[in-house]
Amino acid sequence: MKLAKWDFLKIIRDSKSRVLLIGLFLFIGSFSYFYQQNEFLDLSDEYLSESHIYLDTFNALTDSSLATEQGQEIDRRLARNQTISGMLAFIIGQDEGNTVQDLESVVGDFVEQSMELNENVLFFYDQTDFPQYDALIRLMPPREVALEQYELYAYMAERGIQVDANQASPGMALYSLIQLLSGVFIIIIAAVIGADSFSRDQESNWSITQGLPVTWHRQWYTRTAIHWSLMWIVILVGIVTSFLISLIGADSTALNYPVPLYQGENVAYVSVLTYTVIVTILVMILSYLALRLAIGMSFIFRNIYLTIALVLMVFFIPYAFLIIPPMSDVNPLLYLQISPALEQWWYPLNTQLWQMLLSFAVLFIVIELVFLYVFTLIPTRMGKLERRRK
Amino acid sequence: MSLQVKDLTISYGSNVVLKDINFTIQDNTIIGLVAPNGTGKTTLFNAIIRFIPINKGQIIVDGKVYKNTTRDVRALHKLVTFFPDQAELYEDFTGVEHIQMYRDIWNPEEKDVQKIIDRLNMDGYVRDKVKTYSLGMRQRLCFAMMIAANTKIMFMDEIMNGLDPVNVELVSRVLQEIKEEGKIIIVASHLLGNLDDYSDEIYFLNNKDVYFSYDRKTNTREFIKGYVSKDKLEALQPLPADTLYLETDRICIPLDGFEHDYDRFEVVELLRSLSDEEVSIGVLGTQEHYLRIYKGEQSLEPDTSDGEGGQTDEDDETVTGYTAEESGTRKSRRREETSVADSDTRF
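All values reported here derive from a predicted model rather than from experimental measurement.

Asker: Looking at this model, I keep getting lost on the overall build of chain A. Mind explaining?
Answerer: Tallying secondary structure elements over chain A gives 18 helices and 4 strands in all. Dimensions of chain A, computed from C-alpha atoms along their principal axes, come out at roughly 90 × 50 × 30 Å. Buried residues in chain A amount to 51% of all 390 residues. Of the roughly 18200 Å² of accessible surface on chain A, 62% is carried by carbon and sulfur atoms.

Here's what the structure looks like:
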């Protein structure tokens, strides 16, 4: 513990660490402000353009196809979806929630109608015996999308969540920030913070840092813990600051707004807040591993750029595996990028949270074993690692 | 406590730097380690403290062999500290923080670092950032860090670098004081006269080994020590056996080579008349041994020709490897460095 105090002071007084931490705070803390400056798509227009899908599909179908009982039902549902699209466009354009005041009986409920719309799309996909099946589904959104959308609105209906037309709401800004953090961004930050942890001492303070009655392995743990704690204090304070900034002028936090979380082949909808907590915990674990790796490598390499590059390479390996499809469903490194894994980019990996945690544990053990050996070597003043001779 | 080094061999590739070194040091001892630059003093320290791989040999402290395992190395590092390089201090830390850091790591029971600060007269600057320190202030801080660590075995490499005479004396005194606390201290220094002030034994590294050592307590044979140029040597003839004539025209004549006191007095007077340099009587010091070992003895035959014509020890070439030019530079400097030991009788 005594050494930890001095390691902490060394880190906190290092100008590089200070600049990095302050920069990290400013970036994360101001994220929501800049996010809200984006120009978002007009959802009303989106829904209106969607209504043409159903009209065009109707026009593509022949009268004879629609004359049957099955055709009649398809016709009815196509017409209904066209109507619903118009209603949804109007409701979302008013930005009052699930309906429009005083026009409830005319425009209906946004969530209920959205469920009906997607239910109808799924119905179309089920009509495989329809003579013009291909024409029927050609313009439809993919079945998986319709299913996900149905579950999204079912989730909202179940919890009485109002639709929010504000895509720059505090909840959405937070969601975007967490998605950013869960990508390569956090790996870069971890690599840069940890890349000179040992090498700086070896270069500038060799005679003071050699010969301590504390093993390198123990010092590795201590330094990782300190860097990780500092990094996450800054990130968490930054997230809170960003969220507070986003609340200025907002009419709701929208923290309960649903966002998708893929679990195996199924999509589960969770609130932005739940998503934030789950992904933040995963990112915290992942960043710990990345820091551990970077700090460990700084014991081997004095060139910090090499260390940063190597750490990033490890976390970009998943992309290399994408070009070898048979490997993509067995490679645990695919879980090293949380966001793509959670959004099922690594199909057919069918990510489960427990699989991600297991992968992290495996990576932890691999790093541990490698550096158990590395820390038996002697860092000489010349910058080499020498093997202890028996 | 004892520190034993057994059959220690160090090589860098095919270049053997130290070979089969053996010595044992008991506690309450200060060893002066002397050798020209590049002969392996720092390598010896680094090897004992396991900062470099050793090819062969054992490090034994109190009868326990400290092997090359992580556990043993860590245990060894609890017992041994190495004098920090003043250029490698943390520039943004204060002196007090450095002292506290070493105290916290090695000697957490010690609460009061102020005693160390007072002892080394550092109170005036020790709370400033290290980046404001002069070389001497940094050097004293490094010494204070060692005192704070308070390990049983201390390696002090080039400890007096950059210190003014007052601080050399201060550090020398503190070294003697901490030695009495049961320490084993090895000091590598080029201030040879100063080593005589506090060392119990002097080790001379040469030929990849501890070539020669002498215990200052048992080294009681006295010499008349003075300077005489080669062309005036004849005036001193005949000289007794074991007379040393060393580089820088230093001559050391054993007192026991004369039967009567008046003979000795006569030689002293003669030496004074032959040179303006001081003549003294005392035991051979580190300086004389250094010259003898690394620069070789010169012939006592009077030289009528011009030039030095000194006899060079067979090993000298391989040990020192000085060029003539370097040797000349050292010669003039050594004349200044050669001090008369406190115990010597001066004339």
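Asker: Help me out: how do you make sense of the overall build of chain B in this one?
Answerer: When its secondary structure is counted, chain B shows 11 helices and 15 strands. When each of the 347 residues of chain B is scored for burial, the buried share is 55%. Long-range pairs, those at least 24 residues apart, make up 69% of the contacts in chain B with a sequence separation of at least 6. Per element, the accessible surface of chain B, about 15000 Å² overall, is 45% carbon and sulfur.

Asker: Explain the UniProt feature "transmembrane region" (unreviewed entry) in chain A here, please?
Answerer: All names here are of chain A. If you check UniProt for "transmembrane region" (unreviewed entry), the listed places come out as residues 20-36, 173-195, 228-248, 268-291, 303-324 and 353-380 in our numbering. Overall, residues 228-248 shows 95% helix and 0% strand. The separation of its end C-alpha atoms is 31 Å. Measuring from the first to the last C-alpha atom of residues 268-291 gives 31 Å, for a span that is 83% helix and 17% strand.

Asker: When you look at the UniProt feature "domain: ABC transporter" (unreviewed entry) in chain B in this model, what are you seeing that I'm missing?
Answerer: According to UniProt, the positions carrying the feature "domain: ABC transporter" (unreviewed entry) are residues 3-232 of chain B. As a span, residues 3-232 of chain B carries 32% helix and 30% strand, and end to end its C-alpha atoms are 48 Å apart.

Asker: How should helix H11 (residues 170-194) of chain A be read in this particular structure?
Answerer: Along H11(A), the sharpest change in direction is near 60° and occurs at A:Phe185. For H11(A), the tally of buried residues reaches 20 of 25 residues, placing the bulk of the element in the interior.

Asker: What is the right way to read the domain arrangement of chain B from this model?
Answerer: How large an interface is tends to be reported as the accessible area lost when its parts come together. Residue and element names in this part refer to chain B. Each assigned domain of chain B is listed here: domain 1 (2-215) and domain 2 (222-295). Using only C-alpha atoms to locate each centre, domain 1 and domain 2 end up separated by 35 Å. Counting residues at the interface gives 13 residues for domain 1, matched by 9 residues for domain 2. Between domain 1 and domain 2 the total buried area reaches about 930 Å² when both faces are included, carbon and sulfur atoms providing 67% of it. Our count for the domain 1 to domain 2 interface comes out at 0 salt bridges. Where domain 1 touches domain 2, the interface holds 4 residue pairs in polar contact (both at pLDDT 80 or more). Mapped onto the side of domain 1 that touches domain 2, the elements with two or more residues apiece are helix H7 (192-198), strand E9 (201-206) and strand E10 (209-215).

Asker: Honestly, the side chain of A:Ser176 in this entry has me stumped. Any pointers?
Answerer: Residues and elements named next belong to chain A. Within the secondary structure, Ser-176 sits in helix H11. Here Tyr-35 takes part through its side chain, which lies 3.2 Å from a polar atom of the side chain of Ser-176. Those residues in contact with Ser-176 that lie beyond four places of it in its chain are Phe-31 and Tyr-35.

Asker: How should I be thinking about the environment of B:Asn68 in this particular structure?
Answerer: Residues and elements named next belong to chain B. Following the sequence through the fold, Asn-68 ends up in the loop between strand E5 (64-65) and helix H2 (70-79). With a relative accessible area of 9%, Asn-68 lands in the buried category. Taking the C-alpha atoms as reference points, Asn-68 and Leu-170, separated by 102 residues in sequence, lie 37 Å from one another. Within the local environment of Asn-68, its side chain forms a polar contact with the side chain of Arg-50, the two groups lying 3.2 Å apart.

Asker: What is the right way to read the packing of helix H2 (residues 15-29) of chain A against H11(A) from this model?
Answerer: How two helices pack is summed up by the angle between their axes together with the distance between the axes. Residue and element names in this part refer to chain A. Two elements in contact, H2 and H11, have axes whose closest approach is 12 Å; the angle formed by their N-to-C orientations is 175°. Comparing the axis directions of H2 and H11 gives the class roughly antiparallel. Residue-level inspection shows Lys-16, Leu-20, Leu-21, Leu-24, Phe-27 and Ile-28 of H2 in contact with H11, the latter providing Leu-177, Leu-180, Leu-181, Phe-185, Ile-189, Val-192 and Ile-193. When grouped by side-chain class, the residues that make up the contact of H2 with H11 number 12 nonpolar, no polar and 1 charged.

Asker: I tried to follow the packing of aromatic side chains on my own but got confused; where do I start?
Answerer: The relation between two aromatic rings is expressed through the spacing of the ring centres and the mutual angle of the planes. Here the structure, examined in full by the defined rule, presents 31 aromatic pairs over all chains. Plain terms: the ring middles of A:Trp228 and A:Tyr288 are 6.1 Å apart, the flat faces sit at 90° to each other, and that makes the pair edge-to-face. Separated by 60 residues along the polypeptide, A:Trp228 in helix H14 (residues 216-247) and A:Tyr288 in helix H15 (residues 272-300) bring together distant segments of the chain. Taking the relative accessible area as the measure of exposure, A:Trp228 reaches 23% and is therefore partly exposed. Aromatic rings pair up to connect A:Phe198, A:Trp216, A:Trp220, A:Tyr221, A:Phe299, A:Phe371 and A:Phe375 into one cluster. Between B:Lys64 and the ring centre of B:Tyr66, over which it is positioned, the NZ or CZ distance is 4.8 Å.

Cut-off values and rules
The residue count restarts for each chain, going from 1 along the sequence in the order it is written. Numbering of ligands from 1 and lettering of chains from A proceed in the order in which they are written. Given that this is a predicted model, residues contribute local features only at a pLDDT of at least 70 and side-chain atom pairs are listed and counted only at 80 or more, while totals for whole chains, interfaces and linings are drawn from all residues. Note that the side-chain values use all heavy atoms of the structure and ignore hydrogens as well as water. Here a strand is any run of E in DSSP of at least two residues, a helix any run of H or I of at least four, and the numbering for each starts at the N terminus. Each residue is assigned to one of three classes by its accessible area relative to the maximum for its type, calculated with a 1.4 Å probe on protein chains only: buried under 20%, partly exposed between the two thresholds, exposed over 50%. Accessible surface is estimated by sampling points in the Shrake-Rupley manner with a 1.4 Å probe; for residues, cover comes only from the protein chains shown. Contacts were defined at the residue level, with two residues in contact if any of their heavy atoms lie within 4.5 Å. UniProt positions are given in the numbering used here, feature names are shortened, and annotations may be inferred rather than shown by experiment. Throughout, bend refers to the angle between the axes fitted to the seven residues that end at a position and the seven residues that start at it. Domain start and stop positions are those given by an automatic or database domain assignment. Computed with a 1.4 Å rolling probe, the buried area is the accessible surface lost when two parts are put together, summed over both parts. When a carboxyl oxygen of Asp or Glu lies within 4 Å of a side-chain nitrogen of Lys or Arg, that pair is called a salt bridge. Pairs of N or O atoms within 3.5 Å make up the polar contacts considered here, provided that, within protein, one atom can donate a hydrogen while the other can accept it, and that residues adjacent in sequence are counted only when both atoms are side-chain atoms. Note on geometry: axes are lines fitted to C-alpha atoms, helical ones only across the stretch in contact, with angles between N-to-C directions running from 0 to 180 degrees. Should an angle fall under 35 degrees it is taken as roughly parallel, and over 145 as roughly antiparallel, whereas 65 to 115 is taken as roughly perpendicular and any remaining angle as oblique. Any residue outside Ala, Val, Leu, Ile, Met, Phe, Trp, Tyr, Cys, Pro, Asp, Glu, Lys and Arg is labelled polar, Gly included; the first ten of those are nonpolar and the last four are charged. When the centres of two rings from Phe, Tyr and Trp lie within 6.5 Å, Trp using its six-membered ring, the rings pair. Their planes under 30 degrees apart give stacked, over 60 give edge-to-face, and anything left gives tilted. Lysine and arginine charges are scored as sitting over a ring when NZ or CZ, respectively, is within 6 Å of the ring centre and within 35 degrees of the ring normal.

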